[in-house]
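Given next are the chains, with one letter for each unit.
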Amino acid sequence: MAKRSTSTNLLCLTDKIISAFEDNCQLDVIYTDFSKAFDSIDFGILMRKLRIIGFHVNLAQWLSSYLSNQTLYVYFNNVVSDAFSNTSGVPQGLNLDPFLFILFINYLCGEFDFSGCLLFADDLKFFRQIRSSADAALLQNDLDNLYQWCIINKLLLNTEKCSILSFTRKSQPIFYSYQINDILLRRSKSVTDLGVTFDTRLDFSQHIDNIVSKAYTKLGFIKLLKQHESYFGTVLVILNLGQMTRTTPELAPPLQAAAPEGRCLATTYDLTCNRLHTRWILSGIGLRTRNPPDPMLRP
């Protein structure tokens, strides 16, 4: 969808979690992982989906030629294998490739009858408010539907990386044993979702600690370069002070409102980058910017 991003995805999930807290119930979220998703796209199934969507036959045939008429070989340890043709997988590195994958899984969310879902590329999670074991059974039913969809569309779920996270602040939450093909899914206390770490109580404490750790790591690298500036034979130049000090702490600024009082991301930014250490960087290095020459006009 247009004008949608990872921040939009995470905001939608955060809204669902807060709504569950307000309703005094828990929200069970199943995080899934497709095994080699881009490499497992079956060409025949993809072409059928494109025709159903409404692609012109000539365009569908052109895409089929682009995908299937490729000769591959394996090079390893100075040995080259015999050439072979691939029957699945979209080549990675071009804008067309993730677009084709999105079209392939475009109707996947329609498989969930009793739960909501959020999808960003191959990152899929679906969820439901849990008030009793009956609600958890309905979520398990949608998990079974997902497994059957994967079988039909020749995609594999990596059960070792799939996990359950129950967002709740109740003293006695409901822990249901969710399974994929009789394989019990592991239950986690935190998960990194699109770059942001979520925990069961939604206080973002672990995410904030990760940001502070990364910021101090970068600060230590800057100090190391400054101390050995003559050895490296380089001059440290700060081209964009704001970018240097703010990129990591503002990894997910829309989620600041969801952080508890006293643990907001803005406080993390001030503590790590905007006080003593920033003054040390500027006093030791100085703010030196490079002014490129004016472009020459063509005659």
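For the structure, see preceding data.
Now for a quick tour of the structure. A quick note: this is a predicted structure, and the numbers were derived from the prediction, not measured.

Overall, the coordinates contain five aromatic pairs when judged by the stated rule. When the ring of Y176 is compared with that of Y178, the centres are 4.9 Å apart and the planes differ by 55°; the resulting orientation is tilted. Using a relative accessible area of 27% as the deciding quantity, one classes Y176 as partly exposed. Here a set of aromatic residues connected by ring pairs shows up, and it is made of F167, F198 and F204. Positioned over the ring face of F104 is K49, at 5.2 Å from the centre of the ring.

Right, let's talk about the pairing of strand β7 (residues 123-130) for a bit. Summarising the sheet, strand β1 (residues 26-31) and β7 pair through six bridges and their orientation is antiparallel. Within β7, the position partnered with Q26 by the bridge is I130. Of the pairings in the sheet, the one linking strand β6 (residues 116-120) to β7 comprises five bridges and is antiparallel in character. Across the sheet, residue C117 finds its bridge partner in β7, namely F126. Hairpin remark: β6 followed by β7, antiparallel, with two residues in the connecting loop; positive phi at A121, about 55°.

It is worth spelling out the side chain of D42 at this point. Following the sequence through the fold, D42 ends up in the loop between β1 and α2 (43-53). Engagement of the side chain of D42 in a polar contact is seen with the backbone nitrogen of I45, the distance being 3.1 Å.

The rules behind each value
Residues numbered from 1 in each chain as written. Predicted model: local features only at pLDDT ≥ 70, side-chain atom pairs only at ≥ 80, totals over all residues. Heavy atoms only, no water. Phe/Tyr/Trp six-rings, centres within 6.5 Å; stacked < 30°, edge-to-face > 60°. Buried < 20%, exposed > 50% of the residue type's maximum accessible area, 1.4 Å probe, protein only. Lys NZ or Arg CZ within 6 Å of the ring centre and 35° of its normal. Pairing = 2+ DSSP bridges. Helix = DSSP H or I, 4+ residues; strand = E, 2+ residues; numbered from the N terminus. Polar contact = N/O pair within 3.5 Å; in protein donor to acceptor, adjacent residues only side chain to side chain.

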